[in-house]
Structures are given as structure tokens and as C-alpha cells.
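Geometric and topological summary
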Amino acid sequence: MKHCFEFNVENYELWLSPGQRDYRLHLADEVVAPVALSHHFDGSGLLVIAGETLPIRFAIDGDALHLHIRGRTHVLRYRDQLQELACSDEQASHLVTRAPMPGVVIATKVCQGDVVSAGATLMLVESMKLEFVVRAPRGGVVERIHFGVGESFERGVPLVTFSEERR
């Protein structure tokens, strides 16, 4: 699965793939190997990139990773593709939470008419043997749940539609 990070106002898509004894980092058309990280519970560790071992310090704050390496601190911000897809189809006062990948609904945690706040769990889904939580990108009232438990869906389809909270 590709992940997207923002670094110095630029976005980078990357992913890891297993090698025989290590991992490979895929960044655009470039492959860096070997890549490994050994970390301690105190926020320090060793990062191996292309055979070079570097001591690092790091802290995770929500979707931001603060990485101190070679005397400099860098901030990498994880960009949640699910949240971006959910926010991409806002029309009038409606919001549609869309599927980031094909999957199956495991559980729904809301009903039509429920008032939800930003970050509320809407449903649990399974995709490629991984479970993930579909969350509300902002507050509102659940208008429609498009798929029930056990139903499968394709990438990009609406999962939950809701409208602005009534005042």
C-alpha cells in the first residue's frame, strides 16, 4: 500500500517491499535498499538506508513525525488518503465518505439520523485482510449508510453520506 507524506510543502508517495533479508523503500521511480529501523522506547534508534547506519531521535505527534537526523530536525506529515477522499465530494451541505480501496463492511457503528462529531467511527471495513476504521472527517448528521454488514464495495464508492448538524 502506498503512503503519502508531506515534507517541506511537497508530497511524496512511498511504500516498503520485502527483500530477502531487509526492506526496500520505493519513492516515486527510485528504489532504496536496504532500509531498516531499530528503535528504543525512549524515541531513539538506528536507521539503515542503503547500507549507511544513522542514529536518530524521533517523536510522533498525531499525523506528524518529528525526526532528528544528522543534526537537523525534519517534520514529515502523514496524509490520510481516506480523509482526503471523504472531503473530495462535498456539495451543498452534504458530505460523502468514500472508500479508499475495495473491501467488505465488518460493522457499522452509526445509524441514519445519528449526530456525529469529526473523527467519530462510522464503520469498520476489511480490505486485503486488513481491518480499518472509517471516520467522519467533520461533524454532521448521518443521512445514509450505503452498505450493510457483509456487503462488498469498490474503491471510490460512497460509504456514508451525512449533512451538516442541524442547529
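Right, let's walk through the structure included here. Computed from a predicted model, the values in this text were never measured in an experiment.

Parameters and conventions
Residues numbered from 1 in each chain as written. Predicted model: local features only at pLDDT ≥ 70, side-chain atom pairs only at ≥ 80, totals over all residues. Heavy atoms only, no water. Helix = DSSP H or I, 4+ residues; strand = E, 2+ residues; numbered from the N terminus. Buried < 20%, exposed > 50% of the residue type's maximum accessible area, 1.4 Å probe, protein only. Contact = heavy atoms within 4.5 Å. Pairing = 2+ DSSP bridges. Salt bridge = Lys/Arg side-chain N within 4 Å of Asp/Glu carboxyl O. Polar contact = N/O pair within 3.5 Å; in protein donor to acceptor, adjacent residues only side chain to side chain. Axes fitted to C-alpha atoms, helices over the stretch in contact; angles between N-to-C directions. Phe/Tyr/Trp six-rings, centres within 6.5 Å; stacked < 30°, edge-to-face > 60°.

Across its full length, the protein chain holds one helix and 16 strands. Burial statistics for the protein chain: of 167 residues in total, 31% are counted as buried. The contacts of the protein chain with a sequence gap of at least 6 include a subset with a gap of at least 24, amounting to 38%.

What follows covers the sheet that holds strand β10 (residues 103-108). An order of β13-β12-β10-β15 is seen for the four strands of this open sheet, with the pairing classed as antiparallel. A strand with exactly one partner marks an edge of an open sheet, and here the two such strands are β13 (130-135) and β15 (152-153). In this sheet, β13 lies alongside strand β12 (residues 121-127) in antiparallel orientation, the contact comprising six bridges. By the bridge assignment, Val125 is partnered in β13 with Phe132.

Going through the model one piece at a time under the given rule, you end up with one salt bridge. In this structure, the salt-bridge partner of Arg70 is Glu52, at a minimum N-O distance of 2.7 Å. Linking Arg70 in the loop between β7 (64-69) and β8 (72-79) with Glu52 in strand β6 (residues 52-61), this pair joins segments that are 18 residues apart in sequence. Under the relative-accessibility criterion, Arg70 is labelled exposed at 59%.

With that out of the way, let us pick up the side chain of Ser17. Relative to the helices and strands, Ser17 resides in strand β2 (residues 10-18). There is a polar contact of 2.6 Å between the side chain of Ser17 and the side chain of His26. In contact with Ser17, other than residues within four places in its own chain, are Asp22, Tyr23, Arg24 and His26.

Relative to the helices and strands, Tyr78 resides in strand β8. For Tyr78, a relative accessible area of 30% translates into the label partly exposed. Residues Tyr78 and Ala64, spaced 14 residues apart in sequence, show a C-alpha to C-alpha distance of 6.2 Å. Here Tyr78 is in contact with His3, Cys4, Phe5 and Asp63, once residues within four sequence places are set aside.

Here the focus is the sheet that holds β8. Spatial ordering of the closed barrel is given by β1-β2-β3-β4-β5-β6-β7-β8, a layout of eight strands whose pairing is antiparallel. With direction set aside, neighbouring strand axes in the sheet form an average angle of 35°. Here strand β1 (residues 3-7) pairs with β8 via three bridges, running antiparallel. Counted as the bridge partner of Phe5 is Tyr78 from β8.

What follows concerns the packing of aromatic side chains. Think of a pair of aromatic rings as described by two things: how far the centres are apart, and how the planes are tilted against each other in angle. Applying the stated criterion to the full structure yields two aromatic pairs. An angle of 70° between the planes, with centres 5.5 Å apart, marks the rings of Phe5 and Tyr78 as edge-to-face. Taken together, the residues span a long stretch of sequence, with Phe5 in strand β1 and Tyr78 in strand β8 at a distance of 73 residues. Between Phe147 and Phe153, the ring centres sit 5.7 Å apart and the planes meet at 50°, which makes this aromatic pair tilted. Neither residue differs from the other here; Phe147 and Phe153 are each classed as buried.

Another aspect to go through is unusual backbone geometry. A cis amide bond, omega -10°, links Ala33 with the succeeding residue Pro34. A positive phi is found at Ala28, a non-glycine position, where the angle reads about 60°. Judged by its relative accessible area of 60%, Ala28 is exposed.

Here the focus is the side chain of His26. For His26, the position within the fold is in strand β3 (residues 23-27). Since its relative accessible area comes to 16%, His26 is described here as buried. When residues no more than four places from it in sequence are discounted, the contact partners of His26 are Glu13, Leu14, Trp15, Leu16, Ser17 and Val31.

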